[in-house]
Amino acid sequence: MLIGEVARRSGVSARMLRHYESLGLVTPADRTGGGYREYSGEDIRRIFHIESLRSLGLSLREVGRALDDPAFTPAGLVDDLVRRTQERITAETALLTKLRRIGSAEPAGWEEVLQTVALLHGLGSESAGTRQRAALSSPEEAPVPVEALVEAALNESDPHVAGALRWALAQSGSSGTGVALLAEGLGSPVTAVRRRAARSLAGIPGDAVVAPLRGALDDSDIVVRRCAALALGTRVAADAETVPSLVPTLVAMVADGVNDVDAADALRALAHRPAPGDRPGHDEQAGPADLVATALAGRLTGRDTGPAVRRRLAQALAEIPGDTASRALADLAEDEDRAVALTAAYVLTLREGRQR
């Protein structure tokens, strides 16, 4: 069979068949009277074998070894092919993700495309300083897709870079996509990822983050619960029905001295909300102020609380209105620890002055 007919039947071009011959992969032994190559049935079978092995990703050199080396074993080569193919898929997937992100940024021209590519490279840099600079410059230089910012924020371990990424997410606004992706992060089995998601959500303005943060109040990790409670405590959208689920965590933070000033501020904000009974359609019930004061006062009894804990609780009670808080402070003014008693007495004096 002449080379043209072989090319037609095999789908391998005549040029490639000549290349195979130059490499010694297929060497037709017969020639016609006119000097043309004539392929035997065995040659054609070898061509199909070559094409089959090439379809697996083997190089022509590897194909030659596989067909001609009696000692060749395919197991190692197949494992290597699997590894190389996986690397190629990973690289292609990363490229596809990058292209989609650039497209979602809707660049106005090639200059913005190049700036976005540079920022994406910066966010993926091994240098923490480069990642931080990319995060801080993203709102100004070019629109970075929120998906890229969320991915970087959920995977960033450096605290300084993480802070810059949270700031960039906050600057991007309460994007529905960003909030949804961060909410998915709250469902991660990795505790560190859930913590980063909660901190990022807490920094985004608007009401869209309230629902996922409310769900985080039941997280198994105390850091996630604390972050959600702090963020919700000062948000108007976290309605009064949410208050009972926030108070225990915030009171524990005050007592334990963990972000106790912020927790006390959140408790003060909760205490000044209107009670559900103050609004139409709600039954009369204890207001947030009484709920907060009762929780703070309850922490003073029934457990081992040292003077430092009692001082923090007294300071937190200072901004909580109502008789329950005043009674707790009056008890603390008689505390055996002089510093606690003086703190409570001073706070009571301030409260009385404001009430006049």
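None of the values given here were measured: they were computed from a predicted structure.

Some words on helix H1 (residues 3-10)
Part 1: For H1, every residue scored as buried is listed here: Ile3, Val6, Ala7 and Ser10. Viewed end-on, H1 has its buried residues packed into an arc of 100 degrees, placing them on one side of the element. Within H1, the exposed residues directed more than 90 degrees away from the buried face are Arg8 and Arg9.
Part 2: At its buried positions, H1 is contacted by helix H2 (14-23), strand S2 (37-38) and helix H3 (41-55).
Part 3: In the segment just after H1, glycine 11 is the residue with positive phi, at about 80 degrees.

So, helix H15 (residues 260-271)
Part 1: With twelve residues, H15 should cover 16 Å at 1.5 Å per step; its first-to-last C-alpha distance of 16 Å lies within 8% of that length.
Part 2: Considered for burial, the residues of H15 that qualify are Ala263, Ala264, Ala266, Leu267, Leu270 and Ala271. In an axial view of H15, the angular spread of the buried residues amounts to 160 degrees, which keeps them on one side of the axis.
Part 3: Those residues of H15 that are buried are in contact with helix H13 (222-233), helix H14 (243-256), helix H16 (288-299) and helix H17 (307-317).

Structural notes on the packing of helix H8 (residues 146-155) against helix H9 (residues 159-171)
Part 1: At their nearest, the axes of H8 and H9 sit 9 Å apart, and the two run at 150 degrees to each other. If you check the angle between H8 and H9, you find them roughly antiparallel. Judged by the sense of rotation from one axis to the other, the crossing of H8 with H9 is left-handed. In this structure, H8 contributes Val146, Leu149, Val150, Ala152 and Ala153 to the contact, and H9 contributes Leu165, Ala168 and Leu169.

Describing the nonpolar core
Part 1: Counting 70 residues, the largest nonpolar core has Leu165, Leu250, Leu267, Val292 and Leu296 as the members making the most contacts within it.
Part 2: Beyond its immediate stretch of four places on either side in the chain, leucine 165 contacts Leu123, Ala135, Leu149, Ala152, Ala153 and Glu156.
Part 3: Listed in part, the 18 residues of the second largest apolar core include Val12, Leu25, Ile47 and Leu53.

Criteria and thresholds
Residues numbered from 1 in each chain as written. Predicted model: local features only at pLDDT ≥ 70, side-chain atom pairs only at ≥ 80, totals over all residues. Heavy atoms only, no water. Buried < 20%, exposed > 50% of the residue type's maximum accessible area, 1.4 Å probe, protein only. Helix = DSSP H or I, 4+ residues; strand = E, 2+ residues; numbered from the N terminus. Arc of directions from axis to C-beta. Contact = heavy atoms within 4.5 Å. Expected span 1.5 Å × (residues − 1). Axes fitted to C-alpha atoms, helices over the stretch in contact; angles between N-to-C directions. Parallel < 35°, antiparallel > 145°, perpendicular 65-115°, else oblique. Left-handed = near helix turned anticlockwise from the far one by under 90°. Core = buried A, V, L, I, M, F, W, Y, C linked by side-chain atoms within 4.5 Å.

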